[in-house]
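# Coordinates in review
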Amino acid sequence: MEAWLYERWLRLQTAGLGRDLSHIQLTQHKHKVLEAELQAQESLYHGVVGRGQDLLSKQSQVNQRAIQKWIRTLKKQWSHLTDEAAGRRNRLQVAAAIKQV
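Cut-offs and rules
- Residues numbered from 1 in each chain as written.
- Predicted model: local features only at pLDDT ≥ 70, side-chain atom pairs only at ≥ 80, totals over all residues.
- Heavy atoms only, no water.
- Helix = DSSP H or I, 4+ residues; strand = E, 2+ residues; numbered from the N terminus.
- Rg over C-alpha atoms; globule rule 2.2 N^0.38 Å.
- Contact = heavy atoms within 4.5 Å.
- Areas by Shrake-Rupley, 256 points an atom, 1.4 Å probe, with all protein chains shown as cover.
- Lys, Arg positive; Asp, Glu negative; His and termini not counted.
- Charge placed at Lys NZ, Arg CZ, Asp CG, Glu CD.
- Expected span 1.5 Å × (residues − 1).
- Bend = angle between axes of the 7 residues up to and from the residue.
- Buried < 20%, exposed > 50% of the residue type's maximum accessible area, 1.4 Å probe, protein only.
- Arc of directions from axis to C-beta.
- Axes fitted to C-alpha atoms, helices over the stretch in contact; angles between N-to-C directions.
- Parallel < 35°, antiparallel > 145°, perpendicular 65-115°, else oblique.
- Left-handed = near helix turned anticlockwise from the far one by under 90°.
- Nonpolar A, V, L, I, M, F, W, Y, C, P; charged D, E, K, R; others polar.

## Looking at the overall build of the chain
Assigned secondary structure in the chain consists of three helices and zero strands. Listed by position from the N terminus, the elements making up the chain come as α-α-α. The C-alpha atoms of the chain give a radius of gyration of 18 Å, which is well past the 13 Å a tight globule of 101 residues would have. Each of the three principal axes of the chain carries a C-alpha extent, and together these read 60 × 20 × 20 Å. For the chain, the proportion of contacts with a sequence separation of at least 24, taken over those separated by at least 6, is 76%. When the accessible surface of the chain is totalled, it reaches about 6,900 Å², and 53% of it is carbon and sulfur. In the chain, which carries 16 positive and 9 negative side-chain charges, the distance between the mean positions of the two groups comes to 4 Å.

Here's what the structure looks like:
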């Protein structure tokens, strides 16, 4: 899950918006596909976090700290990815509106 999150985050970081309206619209379409992928993975994300929380009660205190740290890291990664996706969607909408004028 962590690798998948990082790969998608990296894709968002390196993708441009486009130079003309047709390229921006193509990029918007690709971004919608990415957002659909995020939505499809959300239940898996919640399942993984839930499984980690279930493991907490069955572990020693040392292992509990490691699991808690991993859960926090995963939650941060998910939050960063979804925030970045929302920001990019907004930037693409603004870019398209500017090019249509």
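## Some thoughts on helix H2 (residues 21–56)
In a regular helix each residue adds 1.5 Å, so 36 residues correspond to 52 Å; H2 covers 50 Å between its end C-alpha atoms and thus fits that length. Gln41 marks the point of greatest bend in H2, at about 35°. Within the span of H2, buried status applies to Ile24, Thr27, Gln28, His31, Leu34, Glu35, Leu38, Tyr45, Val49, Gly52 and Leu56.

## Things to note about helix H1 (residues 2–14)
Helix length check: H1 (13 residues) gives 18 Å between terminal C-alpha atoms against 18 Å at 1.5 Å per residue, within 8%. Those residues of H1 not exposed but buried are Trp4, Leu5, Arg8 and Leu12. End-on view of H1: buried residues confined to an arc of 100°, all on one side of the axis. Exposed residues lying more than 90 degrees from the buried face of H1 are Ala3 and Thr14. Packed against the buried residues of H1 are H2 and helix H3 (61–100).

## Regarding the packing of H2 against H3
Across the interface, H2 lies against H3 with an axial gap of 10 Å and an inter-helix angle of 165°. If you check the angle between H2 and H3, you find them roughly antiparallel. H3 is crossed by H2, and the crossing has left-handed handedness. Tallied by class, residues from the contact of H2 with H3 come to 18 nonpolar, 11 polar and six charged.

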